[in-house]
Amino acid sequence: MRIALISDIHGNEVALRAVLASIQEAGVDQVICLGDVATLGPRPRAILDMLRELGCPCILGNHDEFMLDPELIRTYTEAPIVVDAVDWCRDQLSRDDLDFLRTFQARLTIPLDDRSTLLLFHGSPRSHMEDLLSNTPPEELDRRLDGHAATVMAGGHTHLQMLRQHRGTLLVNPGSVGLPFKEYANGGPPTLLRHAEYAIVEARDGAIDVSLRRVPVDRDALRAAVSACDNPMRGALLQQYA
């Protein structure tokens, strides 16, 4: 079994197309999305159309639930630019788009082979707003993993690629397709990297391989996509893509 993990697309159609082209070239059995698909970037509806066409399982991220529960974001951040961008995104979506988001799952466990399992979530198994980082203390990881067990566990949310071993389990973060961070933002304004990110998890006869991948993205196309929208994040994104 060879699975591509994508996460944190955030309305970036240019980056998603680059990642899906790389995945097609690599060859996988399945693609799974770990959430945060539409908000913050310029093309929310295009992303939802692409995911529907792809037909892949999708995990519910915090930004996905912000589309369904308008008040929830204020428990997560009070940053006006983020709140306004999330509200803008919700206004772009149709009833069918929102119904599609309602099909996203909080967690998913799938077999990799007859010896290995893969547990998927957005932030942590117990919360899509919780961070799992390379420097999270082991005892705190135990609490955030909430008694779940799997050969490999994978989540997104932090926009930071990660591969970490914890008490025998491999913890994977594929990074962000649409907004990859240079370092942990901790609620502050991030610096974006100049590529798109994803991961491939492969199991064969009990052997596990995890590869973290980075894909170049057309900067001119990014600027054009952002310039064409009136998303409140427009100015900040154009600065990042300069």
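Residues numbered from 1 in each chain as written. Predicted model: local features only at pLDDT ≥ 70, side-chain atom pairs only at ≥ 80, totals over all residues. Heavy atoms only, no water.

J.: Could you give an account of the sheet that holds strand 5 (residues 152-154), with specific residues and numbers?
T.: Spatially, five strands are ordered 3-4-5-7-6 in an open sheet, and the strand pairing comes out mixed. Edge positions in the sheet fall to strand 3 (108-111) and strand 6 (162-166), since each of these pairs with one other strand and no more. On average, each strand axis in the sheet is inclined to that of its neighbour by 20°, with strand direction left out of account. Bridge analysis of strand 3 against strand 4 (residues 117-120) gives four bridges, and the strand direction is antiparallel. Bridge pairing in strand 4 links Thr109 to Leu119. (Pairing = 2+ DSSP bridges. Helix = DSSP H or I, 4+ residues; strand = E, 2+ residues; numbered from the N terminus. Axes fitted to C-alpha atoms, helices over the stretch in contact; angles between N-to-C directions.)

J.: Explain helix 4 (residues 80-92) residue by residue, including any values.
T.: Spanning 13 residues, helix 4 covers 18 Å between terminal C-alpha atoms, matching the ideal 18 Å at 1.5 Å per step. All of the buried residues in helix 4 are Val82, Val83, Ala85, Val86, Trp88, Cys89 and Arg90. At its buried positions, helix 4 is contacted by helix 2 (44-54) and helix 3 (62-68). (Expected span 1.5 Å × (residues − 1). Buried < 20%, exposed > 50% of the residue type's maximum accessible area, 1.4 Å probe, protein only. Contact = heavy atoms within 4.5 Å.)

J.: Tell me about empty space enclosed by the protein, and name the residues and values.
T.: This structure, assessed with the given rule, holds two cavities of 30 Å³ or more. The computed volume of the largest cavity comes to approximately 70 Å³. Broken down by class, the residue content of the lining of the largest cavity amounts to nine nonpolar, three polar and two charged. A volume near 50 Å³ is recorded for the second largest cavity. The wall of the second largest cavity is formed by Phe121, Gly123, Leu132, Met153, Gly155, Met162, Leu171, Val172 and Asn173. If you tally residues by element for the lining of the second largest cavity, the top one is strand 7 (residues 169-173), at three residues. Grouping the amino acids of the lining of the second largest cavity by side-chain chemistry returns six nonpolar, three polar and no charged. (1 Å grid on protein atoms, 1.4 Å probe; cavity = no way out; pocket = protein on both sides within 12 Å on 5 of 7 lines; lining within 4 Å. Points joined across faces, edges and corners; volume = space filled by probe spheres on them. Nonpolar A, V, L, I, M, F, W, Y, C, P; charged D, E, K, R; others polar.)

J.: Can you explain the pairing of strand 1 (residues 2-6)? Please cite residues and give values.
T.: Burial within strand 1 is extensive, with five of its five residues counted as buried. By the alternation rule, side chains of strand 1 split into Arg2, Ala4 and Ile6 and Ile3 and Leu5, which are all buried. As paired strands, strand 1 and strand 8 (residues 195-204) are joined by four bridges and run antiparallel to one another. When the sheet's bridge partners are listed, Ile3 is paired in strand 8 with Val201. Here strand 1 pairs with strand 2 (residues 30-33) via four bridges, running parallel. Across the sheet, Ala4 pairs through a bridge with Val31, a residue of strand 2.

J.: Any details on the pattern of salt bridges? Residues and values, ideally.
T.: As enumerated under the stated definition, the model contains 17 salt bridges in all. A salt bridge links Arg17 to Glu13; its shortest N-O distance comes to 2.9 Å. One end of the pair is Arg17 and the other is Glu13, both in helix 1 (residues 13-26) and four residues apart, which spans about a single turn. Linking Glu130 and Arg126 is a salt bridge whose minimum nitrogen-to-oxygen distance equals 2.8 Å. (Salt bridge = Lys/Arg side-chain N within 4 Å of Asp/Glu carboxyl O.)

J.: I'd love a proper account of the environment of Gly123, names of residues and values included.
T.: The residue Gly123 is located in the loop between strand 4 and helix 6 (138-145) in this model. For Gly123, a relative accessible area of 2% puts it in the buried group. Along the primary structure Gly123 and Arg144 are separated by 21 residues, whereas in three dimensions their C-alpha atoms are 9.3 Å apart.

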